[in-house]
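Notes for the structure review
Single-letter residue listing:
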Amino acid sequence: MKYPKTMEFHPSQIPIIRTFSIPDEKAASESAAEMLKLGFENQKGGYKVLMPKQEKLAKRIGFTITTEINYGLRKQNQDRNLRYWTYHHDEKNYAIVLISGKVFDELGL
């Protein structure tokens, strides 16, 4: 039986263009809009979103971010090939790292 390839890097190795600290869902919407404004494909790295380590709140923030970015990219007729990872950032925060699939491939991670 062949197992899937394991992740050979940690998302924290991705170059970060900007970090968003998001305490609630309203800030998640605002941050998603800002990421859309800055763009994904023309960058040399990704975005990091820091969320409180409260599971229900973090899930809502993560859902808001990913859904609004996906919808915004579709609305702007842009490539929606995004990659993202969620992980334990530190004692107080979860983190999501979002990056264009094309940019990720160019980094060779």
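Up top is the structure.
Keep in mind the model is a prediction, meaning the values are calculated, not measured.

Both trends apply: most residues other than glycine have a negative phi, and most peptide bonds are in trans. The phi dihedral of Asn77 is positive, around 60 degrees, even though this residue is not glycine. The residue Asn77 is located in the loop between helix H2 (55–75) and strand S3 (82–88) in this model.

Moving on, we get to the pattern of salt bridges. Working definition: two side chains of opposite charge can pair if their charged atoms are close together. What the rule picks out here adds up to 6 salt bridges. With its nearest N and O atoms 2.8 Å apart, the salt bridge here joins Arg60 to Glu25. Of this pair, Arg60 sits in helix H2 while Glu25 sits in helix H1 (residues 25–38), placing them 35 residues apart in sequence. A residue is classified by how much of its surface remains accessible, and Glu25, at 34% relative accessible area, is partly exposed.

Note on placement: Gln43 falls in the loop between H1 and strand S2 (46–52). Classification of Gln43 as buried rests on a relative accessible area of 16%. Within polar-contact distance, the side chain of Gln43 engages the backbone oxygen of Leu38 at 2.9 Å. The residues contacting Gln43, other than those within four sequence positions of it, are Ile17, Leu38 and Val103.

Rules and cut-offs
Residues numbered from 1 in each chain as written. Predicted model: local features only at pLDDT ≥ 70, side-chain atom pairs only at ≥ 80, totals over all residues. Heavy atoms only, no water. Helix = DSSP H or I, 4+ residues; strand = E, 2+ residues; numbered from the N terminus. Salt bridge = Lys/Arg side-chain N within 4 Å of Asp/Glu carboxyl O. Buried < 20%, exposed > 50% of the residue type's maximum accessible area, 1.4 Å probe, protein only. Polar contact = N/O pair within 3.5 Å; in protein donor to acceptor, adjacent residues only side chain to side chain. Contact = heavy atoms within 4.5 Å.

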